[in-house]
Amino acid sequence: MRNSKRTVFLVLGILLFLNGLLNIVDDSRILTYDITSILSGIGFLLVGYFESKKV
């Protein structure tokens, strides 16, 4: 269960991060939701990473 939770957090984080970056590349503009998506992705990646280090 713990491993699947970590995997979900990591996949969700990667998808959000890519969504933000690819929106910036597509529009050639940096909008609020792009920054929010990137920061949310980083947050989910950190949660997924530290979830695996939890004892």
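For every chain, the first residue of its written sequence is number 1, and the numbers climb from 1 along that sequence. The model is predicted, so local features are restricted to residues of pLDDT at least 70 and side-chain atom pairs to those at 80 or more, both for listing and for counting; the totals for chains, interfaces and linings are taken over all residues. The side-chain values count all of the structure's non-hydrogen atoms but skip hydrogen atoms and water molecules.

**Student:** Before we go on, may I ask you to explain the overall build of the protein chain in this structure?
**Tutor:** Elements are defined by DSSP. Helices are runs of H or I of four residues or more, strands are runs of E of two residues or more, and each kind is numbered from the N terminus. Each helix and strand in the protein chain was counted, giving 2 helices and 0 strands. Two things to know: the radius of gyration comes from C-alpha atoms, and the globule rule equals 2.2 Å times the number of residues to the power 0.38. Relative to a compact globule of 55 residues, whose C-alpha radius of gyration would be 10 Å, the protein chain shows 13 Å and is clearly more extended. Once the C-alpha set of the protein chain is aligned to its principal axes, its extents read approximately 45 × 15 × 10 Å. Buried, partly exposed and exposed residues are distinguished by accessible area as a fraction of the type maximum, computed with a 1.4 Å probe on protein chains only: under 20%, between the cut-offs, and over 50%, respectively. Expressed as a percentage of the 55 residues in the protein chain, the buried residues total 15%.

**Student:** Is there a simple way to think about the pattern of salt bridges in this case?
**Tutor:** In a structure, side chains of opposite charge can pair up when their charged atoms sit close to one another. What makes a salt bridge here is a side-chain nitrogen of Lys or Arg within 4 Å of a carboxyl oxygen of Asp or Glu, nothing more. For the structure on display, the rule yields 1 salt bridge. The partner of arginine 29 in a salt bridge is aspartate 27, with the nearest N and O atoms 4.0 Å apart. For aspartate 27, a relative accessible area of 23% translates into the label partly exposed.

**Student:** Looking at this structure, I do not really get the side chain of aspartate 34. What am I missing?
**Tutor:** Looking at where aspartate 34 falls in the secondary structure, it is placed in helix H2 (residues 32-53). When charges are counted, neither His nor the chain ends are considered; positive counts come from Lys and Arg and negative counts from Asp and Glu. Despite its burial, aspartate 34 remains without a salt bridge, the nearest opposite charge being carried by arginine 29 at 7.4 Å. Residues adjacent in sequence count toward polar contacts only when both atoms are side-chain atoms; beyond that, a polar contact is any pair of N or O atoms within 3.5 Å, and within protein one must be able to donate a hydrogen and the other to accept it. Engagement of the side chain of aspartate 34 in a polar contact is seen with the side chain of asparagine 23, the distance being 3.5 Å. Only heavy atoms matter for contacts: two residues are in contact if any of them lie within 4.5 Å across the pair. Once residues lying within four places of it in the same chain are set aside, the contact partners of aspartate 34 are Gly20, Asn23, Ile24 and Arg29.

**Student:** Whenever I open this one, a nonpolar patch on the surface confuses me. Can you help?
**Tutor:** Residues qualify for a patch when their relative accessible area is over 30% and they have no salt bridge, like charges being joined within 9 Å and the nonpolar side chains of Val, Leu, Ile, Met, Phe, Trp and Tyr within 5 Å. Computed with a 1.4 Å probe, the accessible areas rest on the Shrake-Rupley method; for each residue, only the protein chains presented here act as cover. On the surface, a nonpolar cluster with roughly 710 Å² of combined accessible area is contributed by Ile30, Ile35, Leu39, Ile42, Leu46, Tyr49 and Phe50. Note on placement: isoleucine 30 falls in the loop between helix H1 (2-27) and H2. With relative accessibility at 58%, the residue isoleucine 30 sits in the exposed group.

**Student:** Which parts of the structure should I look at to understand unusual backbone geometry?
**Tutor:** Working note: non-glycine residues mostly have negative phi, and peptide bonds are mostly trans. Unusually for a residue other than glycine, serine 28 sits at a positive phi of about 60°. Within the element layout of this structure, serine 28 appears in the loop between H1 and H2.

**Student:** Hey, could you run me through the environment of leucine 18 in this one?
**Tutor:** One can find leucine 18 in helix H1. Classification of leucine 18 as partly exposed rests on a relative accessible area of 40%. C-alpha separation for the pair leucine 18 and serine 37, spaced 19 residues apart in sequence, amounts to 8.5 Å.

These results come straight from atomic positions and should not be treated as a statement about function.
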